[in-house]
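This is what each chain is made of:
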Amino acid sequence: MRKIDTGKLVVITGPMFSGKTSRLLELLERELRAGRKTILFKPEIDKRYSKAHVVTNKGIMLPAVISPIGSKTKKFIFEKSKGFDVIGVDEAQFWNSKSNLHKVLDDLVFLKKLVYVSAINKNIKNEAFETTSKLLIRADEIHTLTSVCAKCGNDATLTQKIRDNKEVFNKVIDVGGNDKYEPRCRNCYVPYKR
Ligand SMILES: [Zn+2]
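What counts and what doesn't
Residues numbered from 1 in each chain as written. Predicted model: local features only at pLDDT ≥ 70, side-chain atom pairs only at ≥ 80, totals over all residues. Heavy atoms only, no water. Pairing = 2+ DSSP bridges. Helix = DSSP H or I, 4+ residues; strand = E, 2+ residues; numbered from the N terminus. Axes fitted to C-alpha atoms, helices over the stretch in contact; angles between N-to-C directions. 1 Å grid on protein atoms, 1.4 Å probe; cavity = no way out; pocket = protein on both sides within 12 Å on 5 of 7 lines; lining within 4 Å. Points joined across faces, edges and corners; volume = space filled by probe spheres on them. Nonpolar A, V, L, I, M, F, W, Y, C, P; charged D, E, K, R; others polar. Contact = heavy atoms within 4.5 Å. Parallel < 35°, antiparallel > 145°, perpendicular 65-115°, else oblique. Left-handed = near helix turned anticlockwise from the far one by under 90°. Core = buried A, V, L, I, M, F, W, Y, C linked by side-chain atoms within 4.5 Å. Buried < 20%, exposed > 50% of the residue type's maximum accessible area, 1.4 Å probe, protein only.

*Asks:* Please explain the sheet that holds strand β11 (residues 166-168) as it appears in this structure.
*Replies:* As a general point, the strands of a sheet are linked pairwise by backbone hydrogen bonds and lie either parallel or antiparallel. Read from one edge of the open sheet, three strands run β11-β10-β12, paired in antiparallel fashion. Either end of the sheet is taken by a strand with one partner, and the two such strands are β11 and β12 (181-184). Mean inter-strand twist for the sheet, computed between neighbouring axes without regard to direction, equals 55°. Here four bridges tie strand β10 (residues 158-163) to β12, and the two strands are oriented antiparallel to one another. Within the sheet, the bridge partner assigned to Q160 lies in β12 and is E182.

*Asks:* Even after reading the chapter, I still don't get empty space enclosed by the protein, so can you show me in this structure?
*Replies:* Under the criterion given, the structure shown has one cavity of 30 Å³ or more. Considered as a void within the structure, the largest cavity measures approximately 40 Å³ in volume. Along its surface, the largest cavity is lined by N96, S97, S99, N100, L101, H102, E130, T131 and K134. Among the elements of the structure, α3 (101-110) and α4 (130-138) are those that each provide at least two residues to the lining of the largest cavity. Here the residues of the lining of the largest cavity sort into one nonpolar, six polar and two charged.

*Asks:* What am I meant to see in the sheet that holds strand β6 (residues 114-120) here?
*Replies:* Across the sheet, which stays open at both edges, the seven strands sit in the order β3-β4-β2-β5-β6-β1-β7 with mixed pairing between neighbours. Because the sheet does not close on itself, it has two edges, and the strands there are β3 (53-55) and β7 (141-144). If you compare each strand with its neighbour and ignore which way they point, the axes differ by 25° on average. Inspection of the sheet shows strand β1 (residues 8-14) paired to β7 by four bridges, in the parallel sense. Residue pairing across strands places T13 opposite T144, the latter belonging to β7. Running at roughly 155° to β6, α3 makes contact with β1, β5 (86-89) and β6 of the sheet. Helix-sheet contacts for α4 involve β1, β6 and β7, and the interaxial angle to β1 is about 135°.

*Asks:* Explanation requested: the packing of helix α2 (residues 73-81) against α3 in the structure shown.
*Replies:* To characterise two packed helices, one gives the angle between the axes of the helices and the distance between these axes. Interaxial distance between α2 and α3 falls to 10 Å at its minimum, and their mutual angle equals 30°. Comparing their axes, α3 and α2 come out roughly parallel. When the axes of α2 and α3 are compared, the crossing they make is right-handed. Residues T73, K74, I77, F78 and S81 of α2 form the contact with α3, whose participating residues are L101, V104, D107 and L108.

*Asks:* Explanation requested: the nonpolar core in the structure shown.
*Replies:* Note that soluble globular proteins tend to have their nonpolar side chains buried in a common cluster. The biggest cluster of nonpolar side chains holds 22 residues, and the ones touching the most others in it are V89, A92, L101, L105, V115, V117 and L135. Taken together, the elements giving at least two residues each to this core come down to β1, β2 (38-43), β5, α3 and β6. With five residues, the top contributor of residues to this core is α3. Counting 15 residues, the second-largest nonpolar core is a separate cluster that includes I4, L25, A64 and Y116.

*Asks:* Teacher, can you tell me more about unusual backbone geometry here?
*Replies:* Peptide bonds are trans in most cases, and residues, glycine excluded, mostly fall at negative phi. With phi around 70°, K112 is a residue other than glycine that occupies positive phi space. Here K112 shows up in the loop between α3 and β6. Judged by relative accessible area, which is 45%, K112 ranks as partly exposed. Residue D164 is not a glycine yet carries a positive backbone phi of 50°. Residue D164 is classed as exposed on the basis of its relative accessible area, which comes to 70%.

Pasting the structure below:
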């Protein structure tokens, strides 16, 4: 394994359905192939995943850990990361402000770890997810992905919440998939009126 001479914080961001998790797993897979010990953290809010590992597209098994998303984050992630060179974090927007996830991960980067994070940048109201914003400022490298607009096929940079074919803006944090959300371009996105 090539020694890691400097840590790095890589943030993969964009709207829902832009392939952030796939990109994250791809990048982690590269690190695994380079012989680096790699672990993935997922937020405890996301009940879609409960397994102790994730299998990448190419069939590589990766240990995955469900992490607390509040004040217990630092202790938990530091303890679980011991002995790992590479740390992945999926769906980072779900960590709340008490978690200080940006500082936790920044500290790990200063310990010469490679940290890869996927995070939605904007909520359904086209406002920032606070945790993502703080991570983006500290990032050494940012991958901004787009989705495909569900209405017209343009590149989509926004996420719209839908109920009964209508745009809604209630419950900004609400885990779901294409039953609740769709990607939209700037032309097709219906803005939230204050
Ligand atoms: Zn569109």
